[in-house]
Amino acid sequence: MSLNWTETTHDIAGLKLHMARAGQGSPVLVLHHDTGTPDRLPFYDSLAANYDVLIPHHPGWGKSQRPEWMRSPRDIAALYAWLLADLGLSAVSLIGLGFGGWIAGEMASQAPTAYRKLVVVAPMGIKPPEGDIADQAIVSYIDYPRSGFHTQDAFQAIYGDVSTDQLEAWDIAREMSFRTAWKPYMCNQTLPHLLGGVRAPALVIWGDDDRIVPISAAEAWAAALPHAKTETIAACGHFAEMEKPAETAALCTAFIA
Amino acid sequence: MHMMYFTEQPMAAYDSQAGLDYGATALTFSNKHFDPNEGSRLYNEYLEEYVLAEECGVDGIMLNEHHNAPFCMQARTNMFAAILAAATKRVKIVILGNPLPLTENPVQLAEELAMIDMISKGRLVSGFVRGGGQEQLANGVNPAYNRERFMEAHDLVQKTWTVPGPFRWEGTHYQQRVVNPWAIPMQKPYPRVWIPGVLSKETIIWTAQQRYPYIALNTSIEATKAIRETYNQAARDVGYEAGSENFGYLIRVHVQDTEEKALQNARQFMWMQGEFTGLANPVWANPAGYFSPSGRRAFVEFSVGRTTNPRGRMTFEEQVASTMIIAGTPDQVIERLKYLVQHTRPGIMAVWANDGCVSKEDRRRCIQLLCGEVMPAVKAYATSLGLKDPWEANAPVHLRYSTDIPTAKVAAE
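Residues numbered from 1 in each chain as written. Chains lettered and ligands numbered in written order. Predicted model: local features only at pLDDT ≥ 70, side-chain atom pairs only at ≥ 80, totals over all residues.

Some thoughts on the overall build of chain B
Then comes step 1: Looking only at helices and strands, one finds 15 helices and 11 strands in chain B.
Then comes step 2: Here the C-alpha coordinates of chain B stretch approximately 60 × 50 × 40 Å along the principal axes.
Then comes step 3: By residue count, 47% of the 413 residues in chain B fall in the buried class.
Then comes step 4: Within chain B, contacts between residues separated by at least 24 positions form 75% of all contacts whose residues are at least 6 apart in sequence. (Helix = DSSP H or I, 4+ residues; strand = E, 2+ residues; numbered from the N terminus. Buried ≥ 20, exposed ≤ 12 C-beta atoms within 10 Å, placed from the backbone. Contact = placed C-beta atoms within 7 Å.)

In C-alpha cells, the structure reads:
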C-alpha cells in the first residue's frame, strides 16, 4: 500500500505549527524526540498502514515556529490539545518518543479521559530512580544522538555522515530543549503524582540499552500510570523507533488496536 | 589614560600532563587535580602582588572570575575585590566583571558591590559580563536565556543603586517583592560600569547604547578597529560621539630585565595550549542558545571538527609578531605598546602581565618594571595623543546622565 504523506501548517497560539499526516483509521498523534525527527521513517509508515497518523514538529523544532514564551513541555502539551481540538479529533491515541513521551504524559495527566491509548517509548519527564538522564549540554551534537543507539550501524543508516543542515537542526533542537527542560533537567517533579488519574490503557516501551534515559525510569512510569504494562526491546537504545522500527511498530500497533 | 594590572590568577600548580591526558582542562577536568595547599600559597601571593602593583604606581587592579578550570582561581570576583578594598589605598578596583546571568539574586549582587564601593571609599569600577558558556554549565544556569538574564539583571542592579527603596521587581527572570537593600554605593549616581568582550556584536551595540566603555579583550588590531566602528555607529544612533574614554583594550605583556627572559616567561601565556579558557569541547564554550544565531552554521561545523576555529588559533610567534603578545625589556615593551596605542587609541588599558608558571620572583620583577617604568611612559604618550580615560574626560556614568544630549538629560530627570 502506498502512503500519501501530506504536510500542513496550523495556526496555534500565534505560531505556525508544522504537521505531517498519512493513513486512515483511528487517529494517532506521534510526538518526537528532543533531537527532532527525520521527515520520514519506516516506523511512521508502519503506523500509517493501520492508523491516521499525525506527526507535528514541536514548536521551535524543525519546521515549526519558535515560541519565545514557552517554558516547559507542559506548555507544549497544552498546545497539542489545542491542535487536536482545531482538527476536531477525539479518542486520539498518543505515542510519545523520549522527550515526546514526557509531553504525552503531560497531555494525559491534564485530560485523564481524553485519550484512547497512551504509548510512551523511553520517556523523559520522570526522574529515574537509578541513574540520571544523559546531559546533552556537555557532549557534541553527534555524540548525543549516537549514544541513543545500541549499534552505530543503526545511527549510520538514519543519519549517514550527518549533514550540516542536520547539525544546525540539532543545535536548534538542543536550544529548545534548554529553553523548556533545563532545570530540573528533562523531568517534572510533579508529573508522577498527576499520572494516577489517567484512564487510558498505557504501554511503556524501553530499549534494554538506553544510555540516554536509564531504564530504571520504566518502573516509575509503570507505577505512576494505573493501567500500564511494560515491554522491553532487546539490543536497542533510546531511539527504539529508529533502531528497531519493526518491533516498536508491532508493539504499538497491537496495543492501539 | 587609565592603566591597570591583570592576571587570570592561574592555578599553575596542577599536573598539566593530567590535563593533556584527559584532553580537556575545563568544566569536567576533575578537581582532584587541585591542591588546596598550593591554592592557599597562590591566593596569598597574588594578593601580595596586587599590593605591590599599587606601590609601584599602577592606576587600577582588574579582577575577573571563572569556574571549574585551572586557568583562573577566582571563583567570586567580589571576594578579591572586597579584600583589595581594605588592603589597598589608592588604586581603582576594576571588576571585569561579574557574570550577571549567573546570579539568582541581582539585588544582593548590587548590595555586595555597594559594600565594596564603601569599604574602598569609592574606588570600585563595576564591570559586568555575560560569562562564558562554560560558566553557565558550571553553575547550572540556562545558556539559552543568557542575554535576557544579563539585560534584566543589569536593569535591576541599576535601579537598586539609583532608586530609593522599597520597590518591587516583577520581571521575566527575576522577581523580588521588596527591593530595599541598606547598602548603596558611595559613588554617585553609581560606580562606573565597563563592559569587556571579545566578539559579540550585540554586546558592543548594547554597551554603546548605555554609554559604558567597552574593553576589547586582546583582539587583533584589525578586529579592534571593527569593534570601534560598530560602537561609534551605535553611539551616534543614540546621540553622542564616542571618544577614547569609551574604549579599553586588554593586552598580554611580560616585561623583564632581559629580552630572553621576558620571551621565555611570555610563552606561559600559551600554558593552556594557547586557549585562554583551557582545552574544552566547543559545545561547552558555546552551549546551544548562548551564541548569536548568525554564527550558528559556522559554529556547528567547527564544533564537530569539520572546520578550524573561526576565532583562529595562532602560534606564540604569530601572536608576538602581530602585537597580540608583547614581551621584552621595558624599552622594547614601551615601543610596542606605543605602536598599539597609536593604532587602537584606547583611554583604558589593561595589562595582562603574568600567566601560567612564571616564578614568584619573576612575577614581582615584571610588576615592578611594568608599573614603575612602562606604564608612566605609555600614559605620557597617551596624553600627548589626547587619549583620555573616563575620569579625565568627565564622562557620564550612563547615557541617561549625559549633559550633551538634551533628550537623555530629560530622561534622567
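Anyway, onward from the coordinates.
Looking at the overall build of chain A
Then comes step 1: The helix and strand inventory of chain A stands at 10 helices and eight strands.
Then comes step 2: A compact globule built from 257 residues should have a C-alpha radius of gyration of about 18 Å, and chain A, at 16 Å, falls within 12% of that.
Then comes step 3: Taking the principal axes of the C-alpha coordinates as reference, chain A spans close to 40 × 40 × 35 Å.
Then comes step 4: Looking at chain A as a whole, 53% of its 257 residues qualify as buried. (Rg over C-alpha atoms; globule rule 2.2 N^0.38 Å.)

Here we look at the confidence of the model for chain B
Parts of the model with low pLDDT should not have their predicted coordinates read in detail.
Then comes step 1: Averaged over chain B, the pLDDT score is 94; the fraction of residues at 70 or greater is 96%.
Then comes step 2: With pTM at 0.96, the complex prediction returns an ipTM value of 0.95. (pLDDT = per-residue confidence, 0-100.)

Side note on the interface of chain B and chain A
Reports of interface size often rely on the accessible area that becomes lost once the parts have come together.
Then comes step 1: Contact residues are listed per partner, giving 19 residues for chain B and 15 residues for chain A.
Then comes step 2: Every element with two or more residues in the side of chain B that touches chain A is listed here: α10 (282–285) and α11 (296–303) of chain B.
Then comes step 3: Counted by class, the side of chain B that touches chain A contains 10 nonpolar, six polar and three charged residues. (Nonpolar A, V, L, I, M, F, W, Y, C, P; charged D, E, K, R; others polar.)

With respect to the nonpolar core
Then comes step 1: One finds B:Met4, B:Tyr5, B:Ile61, B:Ile93, B:Ile215, B:Val351 and B:Leu370 to be the most contacted residues of the largest nonpolar core, which totals 84 residues.
Then comes step 2: For this core, the element with the most residues is helix α14 (residues 360–384) of chain B, which contributes nine residues.
Then comes step 3: Look past the residues within four positions of B:Val351 in its chain and what remains in contact with it is B:Met3, B:Met4, B:Tyr5, B:Phe6, B:Ile251, B:Val253 and B:Leu370.
Then comes step 4: Counting residues in hydrophobic clusters, the runner-up holds 76 residues, among them A:Leu97, A:Phe178, A:Ile205 and A:Ala217. (Core = buried A, V, L, I, M, F, W, Y, C linked by C-beta atoms within 7 Å.)

Thoughts on helix α2 (residues 73–87) of chain A
All names here are of chain A.
Then comes step 1: Taking 1.5 Å of rise per residue, 15 residues should cover 21 Å, and α2 covers 21 Å from first to last C-alpha, within 8% of that figure.
Then comes step 2: Along its buried surface, α2 packs onto β1 (6–12), β3 (27–31), β4 (52–56), α3 (99–110) and α6 (164–181).
Then comes step 3: Gly 88 lies just past α2 and shows a positive phi near 70°. (Expected span 1.5 Å × (residues − 1).)

Re unusual backbone geometry
Then comes step 1: In this structure, A:Pro184 follows A:Lys183 across a cis peptide bond, with omega equal to -10°.
Then comes step 2: Note that A:Pro184 resides in the loop between α6 and α7 (191–194).
Then comes step 3: The phi torsion at A:Met186 lies on the positive side, around 60°, for a residue other than glycine.
Then comes step 4: Relative to the helices and strands, A:Met186 resides in the loop between α6 and α7.
Then comes step 5: Although it is not a glycine, B:Asn218 sits at a positive phi angle of roughly 55°.
Then comes step 6: Position of B:Asn218 relative to the elements: it lies in the loop between β8 (214–217) and α8 (221–238).

Digging into the pairing of strand β2 (residues 15–22) of chain A
The side chains of a regular strand alternate between the sheet's two faces.
Then comes step 1: Taken together, the seven bridges between β1(A) and β2(A) define a ladder with antiparallel strand orientation. Bridge pairing links A:Thr6 to A:Arg21 in β2(A). (Pairing = 2+ DSSP bridges.)

A word on the sheet that holds β1(A)
Residue and element names in this part refer to chain A.
Then comes step 1: Strand order across the open sheet formed by eight strands is β1-β2-β4-β3-β5-β6-β7-β8, with mixed pairing between neighbours. This sheet does not close on itself; its edge strands, each paired only once, are β1 and β8 (228–233). Going from strand to strand, the sheet's axes swing by 20° on average, the running direction of each strand aside.
Then comes step 2: Strand direction decides the pairing type here: strand β7 (residues 202–207) and β8, joined by six bridges, are parallel. (Axes fitted to C-alpha atoms, helices over the stretch in contact; angles between N-to-C directions.)

Notes on the environment of B:Cys357
Residue and element names in this part refer to chain B.
Then comes step 1: Note on placement: Cys 357 falls in the loop between β11 (348–354) and α14.
Then comes step 2: The partly exposed category is assigned to Cys 357, around which 13 C-beta atoms lie within 10 Å.
Then comes step 3: Sequence separation between Cys 357 and Gln 268 is 89 residues, and the spatial gap between their C-alpha atoms is 6.5 Å.
Then comes step 4: When neighbours within four sequence positions are excluded, Cys 357 is seen to be in contact with Ala 12, Gln 268 and Trp 271.

Here's the deal with the packing of α6(A) against α11(B)
Then comes step 1: The interhelical angle for the contact between α6(A) and α11(B), taken along N-to-C directions, is 105°, at an axis separation of 9 Å. By the angle between their directions, the pair α6(A) and α11(B) is classed as roughly perpendicular. Contacts between α6(A) and α11(B) involve A:Thr164, A:Leu167, A:Glu168 and A:Asp171 from the former and B:Arg296, B:Arg297, B:Val300 and B:Glu301 from the latter. (Parallel < 35°, antiparallel > 145°, perpendicular 65-115°, else oblique.)

Side note on helix α3 (residues 77–87) of chain B
Residue and element names in this part refer to chain B.
Then comes step 1: All buried positions along α3 are accounted for by Thr 77, Asn 78, Phe 80, Ala 81 and Leu 84. Mapping the buried residues of α3 onto a view down its axis gives an arc of 160°, with all of them on the same face.
Then comes step 2: Lining the buried residues of α3 we find α2 (36–55), β2 (60–63), β3 (92–99) and α4 (106–119). (Arc of directions from axis to C-beta.)

A short note on the environment of B:Val351
Then comes step 1: In this fold, B:Val351 is placed in strand β11.
Then comes step 2: On a C-alpha basis, the gap between B:Val351 and B:Met62 in space is 8.8 Å, while along the polypeptide they are 289 residues apart.

As for the pairing of strand β4 (residues 124–129) of chain B
All names here are of chain B.
Then comes step 1: The buried fraction of β4 is high, at six of six residues.
Then comes step 2: Residue alternation in β4 divides its side chains into two sets, Leu 124, Ser 126 and Phe 128 and Val 125, Gly 127 and Val 129, and both sets are buried.
Then comes step 3: Both β3 and β4 contribute to a ladder of five bridges, which runs parallel. Pairing of Val 94 across the sheet is with Val 125, part of β4.
Then comes step 4: Since β3 and β4 lie parallel, the crossover through α4 that links them has a hand, and here it is right-handed. (Right-handed = clockwise from strand over helix to strand, strands pointing away.)

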